[in-house]
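What follows is each chain in one-letter form.
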Amino acid sequence: MQHYRRHLFVKESPIEGKGLYCASEVKEDKIIMKIEGEIISGEECERRENEENNVYIFWNGDEYVDVKHTEDIKYINHNCDPNCYVDADKKGNLLLVAARDIKSGEELTIDYGYDEIYDICSCDICSTEEEDGEVGKEEKPLNENKKKETGI
Ligand SMILES: [Zn+2]
């Protein structure tokens, strides 16, 4: 499989701080970039998350990859309806993939997938939820992976 990198750029984002943008059109399921980082152990991952507040650690299904010092990808913002997702190829390389057709100049987003982000997220979905439900806001449909099946 050939990886080629799209032309990406970083600029101020309406979501938060700076964001990652793509300067060309990308079709659904096409690779945008390979995400490189430092391979660390699960223990070290936990330590960095807790002690260093590092939220730039991905899991490729096998290893933890800290992308804190990788340019570009750390600027990608969260959205509950993202236009990108992170996938791993057979070698365990992390790839940023288009979840749908992306227009030239569009900001790239992924679902960070950790609980705290939904509390501070202000995407369309989350701000609608806030207006609707003052009482029960604990339903977070995106966290289905947290529900582990028990017993067999
Ligand atoms: Zn949201």
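Residues numbered from 1 in each chain as written. Predicted model: local features only at pLDDT ≥ 70, side-chain atom pairs only at ≥ 80, totals over all residues.

Details of the confidence of the model for the protein chain
Argument step 1. Averaged over the protein chain, the pLDDT score is 84; the fraction of residues at 70 or greater is 82%.
Argument step 2. For the protein chain, per-element mean pLDDT is lowest for helix H3 (residues 124-132), which scores 73, and highest for strand E10 (residues 107-110), which scores 97.
Argument step 3. Here residues 135-152 is modelled with pLDDT under 50, and outside its nearest four sequence neighbours on either side it reaches five contacts, counting other chains as well. (pLDDT = per-residue confidence, 0-100. Helix = DSSP H or I, 4+ residues; strand = E, 2+ residues; numbered from the N terminus. Contact = placed C-beta atoms within 7 Å.)

Points about the sheet that holds strand E7 (residues 77-78)
Argument step 1. Judged by pairing direction, the sheet is mixed, and its four strands sit side by side in the order E1-E2-E10-E7 without closing on themselves. Where the open sheet ends on each side, the last strands, each with one partner, are strand E1 (8-12) and E7.
Argument step 2. In this sheet, E10 lies alongside strand E2 (residues 18-22) in antiparallel orientation, the contact comprising two bridges. Bridging from a neighbouring strand, Leu20 pairs with Leu108 of E10. (Pairing = 2+ DSSP bridges.)

Description of the nonpolar core
Argument step 1. Ranked by size, the top nonpolar core spans 20 residues in total, and within it Cys22, Ile32, Ile35, Cys84, Leu96 and Leu108 carry the most contacts.
Argument step 2. Within the residue set of this core, elements represented by two or more residues are E2, strand E3 (31-35), strand E6 (64-66), strand E8 (84-88), strand E9 (94-98) and E10.
Argument step 3. Apart from residues lying up to four places away in sequence, Ile32 is in contact with Arg6, Cys22, Val26, Cys84, Leu96, Val97, Ala98 and Leu108. (Core = buried A, V, L, I, M, F, W, Y, C linked by C-beta atoms within 7 Å. Buried ≥ 20, exposed ≤ 12 C-beta atoms within 10 Å, placed from the backbone.)

Describing the environment of Lys74
Argument step 1. Positionally, Lys74 belongs in the loop between E6 and E7.
Argument step 2. On a C-alpha basis, the gap between Lys74 and Ile35 in space is 9.9 Å, while along the polypeptide they are 39 residues apart.
Argument step 3. Other than its neighbours up to four places away in sequence, Lys74 contacts Tyr56, Val67 and Lys68.

Quick word on the sheet that holds E3
Argument step 1. The antiparallel open sheet is built from three strands, whose spatial order is E3-E9-E8. Pairing within the sheet leaves two strands with one partner each, and these edge strands are E3 and E8. Taken pair by pair, the neighbouring strands of this sheet meet at an average axis angle of 25 degrees, ignoring direction.
Argument step 2. Where E8 and E9 come together, five bridges link them in antiparallel fashion. Along E9, the bridge assignment pairs Asp87 with Leu95. (Axes fitted to C-alpha atoms, helices over the stretch in contact; angles between N-to-C directions.)

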